[in-house]
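The residues making up each chain are set out below.
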Amino acid sequence: MRPHINIYSKENFSAMHRAGKLAAMTLDFITPKVKVGCNTAEIDHICEKYIRDNNAIPAPLNYRGFPKATCISVNHVVCHGIPDETKILREGDIANIDITVILDGWYGDASRMYWVGEKIPIVAQRITSITYEAMMGGIKVAKPGNTLGDIGAAIQSIAEKQRMQVVRDFCGHGIGRSFHEAPNILHYGKKGEGLPLKVGMIFTIEPMINSGKAEVKILPDGWTAVTRDRKLSAQFEHTIGIVDGGCEIFTTSPKGWHQPPYPNE
């Protein structure tokens, strides 16, 4: 039996655009503050204040016991990194900041990669660029008549052609008035397989790509996922809605800051 998939209206899409825009605005706002020497708890605090100042709630805070308002994953951390005062950003680090807001009951979910400092290793630059390309490749085929397998196959193909590996332990998800809904969005797969895409579906596409092997492990805190071989991992995330002929991205950067390097402000 297939899970129930919510189909949303144009009015619902408008609400999702507002929530998604705030998530993207938060990522824009924090961009110039991601610097050598700052710690991830500082970044988390700034993001939480910005979200609350804009009449929204940070969805991760206390979600299933998660202790912070954002997820910040540095270098070999794949996802769900817990912000901490002892985690100091250093020259050459790469970091993913994952923001989910609840605005008027609707969830906006997005994440971006950030480069710390000016001397970014070539492998870090490559994995960042390839992961963004993979996400956008999945979004390109997200349209009525295609399937979830088409999305996964597009992402997997882009990553593996560059000798990168797709993490299979985590996936995208339906979203709307709940943080996580059906369907699950796998970032690997075969063309033509899986659930057909229909107008009104809303979900995230958020591939995690590893520069080494795909395998991950969860640290004792119960949240932080890291690469088993301690090689770099990267992730980007957009929330999208299926419309006639394609999809709408709810979480596009208002400043046009899609991937690093970002302008200095």
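Relevant structure appears above.
Rules used in this analysis
Residues numbered from 1 in each chain as written. Predicted model: local features only at pLDDT ≥ 70, side-chain atom pairs only at ≥ 80, totals over all residues. Heavy atoms only, no water. Axes fitted to C-alpha atoms, helices over the stretch in contact; angles between N-to-C directions. Helix = DSSP H or I, 4+ residues; strand = E, 2+ residues; numbered from the N terminus. Parallel < 35°, antiparallel > 145°, perpendicular 65-115°, else oblique. Left-handed = near helix turned anticlockwise from the far one by under 90°. Contact = heavy atoms within 4.5 Å. Nonpolar A, V, L, I, M, F, W, Y, C, P; charged D, E, K, R; others polar. Pairing = 2+ DSSP bridges. Phe/Tyr/Trp six-rings, centres within 6.5 Å; stacked < 30°, edge-to-face > 60°. Buried < 20%, exposed > 50% of the residue type's maximum accessible area, 1.4 Å probe, protein only. Lys NZ or Arg CZ within 6 Å of the ring centre and 35° of its normal.

1. A closer look at the packing of helix H1 (residues 10–30) against helix H2 (residues 40–53)
Part 1 of the argument: Remark: H1 packs on H2, axes separated minimally by 10 Å, with the N-to-C direction vectors making an angle of 135 degrees. Between H1 and H2, the angle is such that the two are oblique. Crossing handedness for the pair H1 and H2: right-handed. Taking contact as the criterion, the partners of Leu22, Met25, Thr26, Phe29 and Ile30 in H1 are, on H2, Ile43, Ile46, Cys47, Tyr50 and Ile51.
Part 2 of the argument: The residue inventory of the contact of H1 with H2, partitioned by class, reads 9 nonpolar, 1 polar and no charged.

2. Section: the sheet that holds strand S3 (residues 77–79)
Part 1 of the argument: Pairing is antiparallel across the open sheet formed by 3 strands, whose spatial order is S3-S12-S11. Edge positions in the sheet fall to S3 and strand S11 (216–218), since each of these pairs with one other strand and no more. Ignoring which end each strand starts from, the neighbouring axes of this sheet average 40 degrees apart.
Part 2 of the argument: Direction of pairing for S11 relative to strand S12 (residues 225–227): antiparallel, over a ladder of 3 bridges. Residue isoleucine 218 lies in a different strand from S12, and its bridge partner there is alanine 225.

3. Remarks on the packing of helix H3 (residues 122–140) against helix H4 (residues 148–161)
Part 1 of the argument: Close contact between H3 and H4 brings their axes to 8 Å; oriented N to C, the two are set at 155 degrees. With respect to H4, the element H3 is oriented roughly antiparallel. Judged by the twist between their axes, the crossing of H3 over H4 is right-handed. Between H3, through Ile130, Glu133, Ala134, Gly137 and Gly138, and H4, the contact on the second element is made entirely by Ile151, Ala154, Ile155, Ile158 and Ala159.
Part 2 of the argument: In terms of residue class, the contact of H3 with H4 is made up of 7 nonpolar, 2 polar and 1 charged.

4. Points about the packing of aromatic side chains
Part 1 of the argument: Taken as a whole, this structure holds 9 aromatic pairs when the rule is applied.
Part 2 of the argument: Judged by centre distance (5.7 Å) and plane angle (70 degrees), the ring pair of tyrosine 8 and tryptophan 106 falls under edge-to-face. Separated by 98 residues along the polypeptide, tyrosine 8 in the segment before H1 and tryptophan 106 in strand S5 (residues 106–115) bring together distant segments of the chain.
Part 3 of the argument: With a relative accessible area of 11%, tyrosine 8 lands in the buried category.
Part 4 of the argument: Taking relative accessible area as the criterion, tryptophan 106 reaches 5% and is therefore assigned buried.
Part 5 of the argument: Between tyrosine 107 and phenylalanine 179 the ring centres are 5.6 Å apart and the planes differ by 25 degrees, which places this aromatic pair in the stacked class. Of this pair, tyrosine 107 sits in strand S5 while phenylalanine 179 sits in the loop between strand S7 (172–174) and strand S8 (181–185), placing them 72 residues apart in sequence.
Part 6 of the argument: Site record: aromatic cluster; members linked through ring pairs are Tyr63, Tyr107 and Phe179.
Part 7 of the argument: Positioned over the ring face of phenylalanine 29 is lysine 33, at 4.1 Å from the centre of the ring.

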